[in-house]
Amino acid sequence: MKKTIQMEELVCPMCAQKIETALRKAPGVISATVLYNASKAKVEFDETQTSLEELMRVITALGYEIVR
Amino acid sequence: MKWNAWRKRLALPLLWSAGALIVLAAVFGRWMDWTIPASACYLAAFALSGVPILFRAVQALRFKTVSIELLVSIAAVGACAIGEFNESAMVAFLFQLGSFLEQKTMKKTRSAIKTLTELAPATAWRIVKNGENGAFETEEIDADEVEIGDVLLVKTGGKIASDGVVLKGEGYAAEASITGEPLAKHKAAGDFVYAGTLLDSGSLQMRAVKVGEDTTFAKIIALVEQAQDAKSPVERWIDRFAKYYTPAVILLAAAVLLLTRKIDTAITVLVLACPGALVIGAPIANVAGIGRGAQEGVLLKGGDSIHTFARTDTLVFDKTGTLTEGTPEVCVQKDYTAEPEKALALAAAAERVSDHPLAQAILRYAAEAPSYEAESAQTVRGCGMEAVVCTRRALVGNQRLMERHGIELPEQADREMEALQAEGASTVLIAVDGKIQMLLGISDRLKADAAENIARMKAMGVKNLLLLSGDNASAVAKVAAGLGIPDCRGELLPQDKLAVIRELQAQGRVVTFVGDGINDSPALAASDTGIAMGSGTDVAIDNSDVVLIRSDLESLARALNLARRTVRVLYENIALAVSTVALLLAGLFAGSVHMSAGMLIHEASILAVILNAMRLLIPSRKKKERKP
């Protein structure tokens, strides 16, 4: 399943990299890309192993808010 | 909330407290000579603004990156260690203030594409039950939840939530965001509607055909968002450079320390050599340029395509639909038979299976003629159509087609055809059972703004312009002459156009090809920059390096101008960043630059590159004058 998560405005390229790495390491994630300028995370994941809510928690755990 | 979130919430109060403490410390130190309270204030200010920097530096280190924050942290801590509390407080404060202003201005620069994303539909009305005599029940759902095949209700003033086909009702939809068409378009059963467009009046029931990320609107947004992150070769080079440069600065500072034995000089090097403006200068130019383009219906697909497009020195145009309106009309009919109606009807039957623009023109022209079904019909590429209609053999096409069948042109037809071609019309011959029976002259109006914008692009320094077309040579020459295009070639097949482009590239030209995106896709793909004029069609969006929402030449000229300005700003920013660092370092070794002053200038240079990029967002004055 592919989903896009809109985050609060990202202000440093490092933040984008951090979120991307964390998402990729999360179980069940097939691929993850963070669009820095758009502040969006595009994730493809196996819905039998994880869920959108679970992945959103990964991002909030790093201290970034999710817009939708 | 995690402490990262707290850090963010406290950032601003911390920054201002640090500022206030520095002012207080200066008052104590300068005018009252209270050294100890002054130092205490400086130290507190350093703690308030320095700790967040240190935090970011450590975070980056965990990702094996030597960040600018690390340079600043070492410098500030070093200043503290040698008792220069005021320097360390100032450096930390200025760096934080700079980052804050940087974020503010970055936000502004990025916001250009927000106007586009805000058009996204939020909800949709799904029809859940159709009752008797047209009564129905609806439920409001999230636009993301719409599925293919859903029947949706669109109310007056509502946004259309997915791409789809109108089933019932009628109204006017404003489609400027997709097709660039400024006037609202009439929509009735069978018409296609786009997600993200607005129903100005009326009400529709529609069936969703494409949903979510597959709609044209979503594709446009995704394209712009990805473009802003797509780096040009220059940027990739800078990224690589910064990766080695930043740790190298630490080594340089260590070397300075060893050579001069002065800690203050060494830590000043750390601050002055920060590549801050360098790493931000190039991407910010692209973000601003792409954002500006998105506002004006010009979608640049990233740093790479901006660079190549800006270097264009040869513009190659297709004719039909690119320089002309693309809806040719039959304007002259010459008969060489006693039964012209019959000949026209047979020709129409042969053309019915063709999607060639000239065939469409003949069909429109023959709408009144009796309608026949062709028993067989086939396309002869680059020539026309062969068909059997009512047991009669009909040929519709150019002279080449007639020659292939050994049909000779009557002298009168030959003369009249040449005359028509000299006027710039396309000609179509109709032969029935081996005899030429009719000649049609078809012409296509030039786009109103074509000549003006071609002149504009020439004035911008595009040296070579070329018109390539499958149409007859004299019609092509006529169009080229009328538009001021010095070079043209007619009667080309798609592979011939490709060959011409390859030949130009072999001569070292940077070629931009502008076509309709349907029958010239090989040329489009081979050129350095391919632009399909397709008003929001999938073909145009997928195949173009630069997408023009409005398929006109003004957009093309504007896109070229924007790409060039973006590249210019990018190089200006790099020059500014490099010269700032060079001047600061020279100043340091001449003994006239202090650490805090260096930090101030450094932060100023970062703001300067952002502001320079923001110039791209300001509409040019020239345009305002043109449209009072």
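All values derive from a computational prediction rather than experimental measurement.

Enquirer: Would you explain the overall build of chain A in this entry?
Expert: When helices and strands are counted, chain A shows two helices and three strands. What you see in chain A, going N to C, is helices and strands ordered as β-α-β-β-α. Taken over C-alpha atoms, the radius of gyration comes to 11 Å for chain A, in line with the 11 Å a tight globule of 68 residues would show. Overall size of chain A, expressed as C-alpha extent along the three principal axes, is 35 × 20 × 20 Å. Every one of the 68 residues in chain A was classed for burial, and the buried ones make up 35%. Here the contacts in chain A between residues at least 6 apart in sequence split such that 53% fall between residues at least 24 apart.

Enquirer: Explain the nonpolar core to me, please; I cannot follow it from the model alone.
Expert: Side chains of a nonpolar character, in soluble globular proteins, are inclined to be buried together. One finds Ala 45, Ala 75, Val 91, Val 224, Ala 347 and Ile 362 of chain B to be the most contacted residues of the largest nonpolar core, which totals 174 residues. When residues of this core are assigned to their parent elements, the largest contribution, 14 residues, is made by helix α21 (residues 553–589) of chain B. Of all hydrophobic cores here, the second largest spans 19 residues; its members include Cys 15, Leu 23, Tyr 36 and Phe 45 of chain A.

Enquirer: Explain the environment of Lys 168 of chain B here, please?
Expert: Residues and elements named next belong to chain B. Relative to the assigned elements, Lys 168 resides in strand β4 (residues 163–174). Taking the C-alpha atoms as reference points, Lys 168 and Leu 553, separated by 385 residues in sequence, lie 36 Å from one another. Excluding anything up to four places from it in sequence, Lys 168 contacts Ala 189 and Gln 205.

Enquirer: Sorry, what's going on with the sheet that holds strand β1 (residues 2–6) of chain A here?
Expert: The strands making up a sheet associate through backbone hydrogen bonding, with each pair oriented either parallel or antiparallel. Residues and elements named next belong to chain A. The three strands are arranged β1-β3-β2 in an open sheet whose pairing can be described as antiparallel. Strands with a single pairing partner mark the edges of an open sheet, and in this sheet they are β1 and β2 (29–35). Between one strand axis and the next, the sheet turns by 15 degrees as a mean value, whatever way the strands run.

Enquirer: Help me understand the sheet that holds strand β9 (residues 314–318) of chain B in this model?
Expert: All names here are of chain B. The strand order β17-β16-β9-β18-β19 describes an open sheet built from five strands, whose pairing is parallel. Among the strands making up the open sheet, the edge pair consists of β17 (487–489) and β19 (529–532). Taken pair by pair, the neighbouring strands of this sheet meet at an average axis angle of 20 degrees, ignoring direction. Relative to strand β16 (residues 464–468), β9 runs parallel, the two sharing five bridges. Following the sheet pairing, Asp 318 is matched in β16 by Leu 468. Sheet strands touched by helix α18 (residues 494–506): β9, β16, β17 and β18 (511–515). Its angle to β18, the strand with the most contacts, is close to 160 degrees.

Enquirer: So what exactly am I meant to see when it comes to the confidence of the model for chain B here?
Expert: When pLDDT is low, close inspection of the predicted coordinates is not appropriate. Residue and element names in this part refer to chain B. On average, residues of chain B carry a pLDDT of 85, and 96% of them reach 70 or more. Contacts of residues 623–628 to residues separated by more than four positions or lying in other chains number one contact, the stretch itself having pLDDT below 50. Scoring of the predicted complex yields 0.77 for pTM and 0.79 for ipTM.

Enquirer: Sorry if this is basic, but what is going on with the pairing of strand β3 (residues 151–154) of chain B here?
Expert: Note on strand geometry: in a regular strand, side chains alternate between the two faces of the sheet. Residues and elements named next belong to chain B. Of the two faces of β3, the one lined by Leu 152 and Val 154 is fully buried and the one lined by Val 151 and Leu 153 carries no buried residue. Judged from the two bridges that link them, strand β1 (residues 123–130) and β3 form a sheet pairing that is antiparallel. Bridge pairing in β3 places Arg 126 opposite Leu 152. For β3 and strand β7 (residues 198–210), the ladder comprises four bridges, and the chain directions are antiparallel.

Enquirer: Is there a simple way to explain the packing of helix α4 (residues 85–110) of chain B against helix α22 (residues 595–614) of chain B in this structure?
Expert: Think of two packed helices as two axes; the pair is described by the angle between the axes and how far apart they sit. All names here are of chain B. In the contact formed by α4 and α22, the axes pass within 9 Å of each other and the chain directions differ by 5 degrees. It follows from the interaxial angle that α4 and α22 lie roughly parallel. Every residue of α22 that contacts α4 at Glu 87, Met 90, Val 91, Leu 94, Phe 95, Gly 98, Leu 101, Glu 102, Thr 105, Met 106, Lys 108 and Thr 109 is listed here: Met 595, Ser 596, Met 599, Leu 600, Glu 603, Ile 606, Leu 607, Ile 610, Leu 611, Ala 613 and Met 614. When the residues that make up the contact of α4 with α22 are grouped by side-chain class, the tally is 15 nonpolar, four polar and four charged.

Conventions adopted
- Residues numbered from 1 in each chain as written.
- Chains lettered and ligands numbered in written order.
- Predicted model: local features only at pLDDT ≥ 70, side-chain atom pairs only at ≥ 80, totals over all residues.
- Helix = DSSP H or I, 4+ residues; strand = E, 2+ residues; numbered from the N terminus.
- Rg over C-alpha atoms; globule rule 2.2 N^0.38 Å.
- Buried ≥ 20, exposed ≤ 12 C-beta atoms within 10 Å, placed from the backbone.
- Contact = placed C-beta atoms within 7 Å.
- Core = buried A, V, L, I, M, F, W, Y, C linked by C-beta atoms within 7 Å.
- Pairing = 2+ DSSP bridges.
- Axes fitted to C-alpha atoms, helices over the stretch in contact; angles between N-to-C directions.
- pLDDT = per-residue confidence, 0-100.
- Parallel < 35°, antiparallel > 145°, perpendicular 65-115°, else oblique.
- Nonpolar A, V, L, I, M, F, W, Y, C, P; charged D, E, K, R; others polar.

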